[in-house]
Amino acid sequence: MIMVIDMKNKNGFTLIELLAVIVILGIILVITTTNVIKSINDSKEKARYIAAKEIVDIASAYMATINSDTNNCVNVKSMIEAGYIEDDVTNPETGKNINNVSELSKHKVCLRNNIVAQQDYKLSNNMYKFDGYVYVIDKPYYDGSKQIKDVFVLAAGENYSAE
């Protein structure tokens, strides 16, 4: 005997079908969320890089006007106080507008003829590299050798010796 199943009375989906759809939606959600977060973080990193680039361009003009051969570095705070940079500048370290000029007191722009612009937008060893210039956030960093190094000394091209 052949049994015929009446398909006309079947209503809704089975539990397996619903679970399959939920799993597929979950996978799509995970993929899109990670891509969106990565894009947001990359945009923030690029914004900080561009803020540093703008300050370096202004520092280049500032160094040309003061025409000092002895000092190849300029403090960002002093450029703000001299009126070369507006006091609502974006902090390249945090990506936010500064609340206080002293936030940038340890930020320097140094002229280095042997520096080539970096290929990415990431802050590396507390500095951004541009053609001929280095934007330095002067604070110690850990270089992996269990030795704290002064970024400004390294950016200035001087030999570093741990004491």
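Residues numbered from 1 in each chain as written. Predicted model: local features only at pLDDT ≥ 70, side-chain atom pairs only at ≥ 80, totals over all residues. Heavy atoms only, no water.

**Description of the side chain of Glu45**
Under the convention used in this document: Each helix corresponds to a stretch of at least 4 residues labelled H or I by DSSP, and each strand to a stretch of at least 2 residues labelled E; elements are numbered beginning at the N terminus. When checking whether two residues touch, look at their non-hydrogen atoms; a contact exists if any pair is within 4.5 Å.
Mapped onto the fold, Glu45 is located in helix H1 (residues 15–66). Ignoring sequence-local partners within four residues, the contact set of Glu45 consists of Tyr121, Lys122, Leu123 and Tyr128.

**Topic: the pattern of salt bridges**
Once the charged atoms of two side chains with opposite charge are near each other, the side chains can pair. Quick reminder of the rule: Each reported salt bridge corresponds to a side-chain nitrogen of Lys or Arg within 4 Å of a carboxyl oxygen of Asp or Glu. To sort residues, take the accessible area from a 1.4 Å probe on protein chains only and compare it with the maximum for the residue type: under 20% means buried, over 50% means exposed, and anything in between is partly exposed.
Tallied over the entire structure, the rule returns five salt bridges. We note a salt bridge from Asp42 to Lys122, for which the minimum N-O separation is 3.8 Å. Here the residue Asp42 occupies a position in helix H1, and Lys122 occupies one in the loop between strand S2 (107–111) and strand S3 (127–130), the gap between them amounting to 80 residues. A residue is classified by how much of its surface remains accessible, and Asp42, at 27% relative accessible area, is partly exposed. With its nearest N and O atoms 2.7 Å apart, the salt bridge here joins Arg48 to Glu45. Highlighted residues: Arg48 and Glu45, both in helix H1, separated by three residues, approximately one helical turn.

**Describing the sheet that holds S2**
Heads up, the rule is: Strands were regarded as paired on the criterion that DSSP finds at least two bridges between them. Axes here refer to lines fitted to C-alpha atoms; in helices the fit is confined to the stretch in contact. Angles between the N-to-C directions go from 0 to 180 degrees.
The four strands lie next to each other as S1-S2-S4-S3, forming an open sheet whose pairing is antiparallel. Each of the sheet's edge strands pairs with one partner strand only, and the pair in question is strand S1 (73–75) and S3. Averaged over all neighbouring strand pairs, the angle between strand axes comes to 15°, with direction disregarded. Inspection of the sheet shows S2 paired to strand S4 (residues 133–137) by five bridges, in the antiparallel sense.

**With respect to the nonpolar core**
Rules: Nonpolar cores were defined as sets of buried Ala, Val, Leu, Ile, Met, Phe, Trp, Tyr and Cys residues, with membership established by side-chain atoms within 4.5 Å.
One finds Ile55, Val76, Met79, Val109 and Tyr135 to be the most contacted residues of the largest nonpolar core, which totals 21 residues. Going through the elements one at a time, H1, helix H2 (76–81), S3 and S4 are the ones with two or more residues in this core. Considering each element in turn, this core owes the most residues, seven residues, to H1. Setting aside chain neighbours within four positions, we find Val76 in contact with Ile55, Ile85, Leu104, His107, Lys108, Val109 and Tyr135.

**Details of the confidence of the model for the protein**
Any segment with low pLDDT has predicted coordinates that should not be analysed in fine detail. For the record, the criterion: As a per-residue measure, pLDDT tells how confident the predictor is, with possible values from 0 to 100.
In the predicted model, the protein carries a mean pLDDT of 80, and the fraction of residues at 70 or more is 76%. Overall, residues 158–163 carries pLDDT values under 50, and its contacts beyond four positions in sequence, including any with other chains, amount to eight contacts.

**Structural notes on the state of the cysteines**
To keep things clear, this is the line we draw: To count as a disulfide, a pair of cysteine sulfur atoms needs to be within 2.5 Å.
Enumeration according to the criterion identifies one disulfide in this entry. Linked covalently through their sulfurs, Cys73 and Cys110 form a disulfide whose S-S length is 2.2 Å. Taking the sign of the S-S torsion, about 115° here, the bridge from Cys73 to Cys110 comes out right-handed. Here Cys110 lies in strand S2 and Cys73 lies in strand S1, a separation of 37 residues in the sequence. With respect to class, Cys73 is no different from Cys110; both count as buried.

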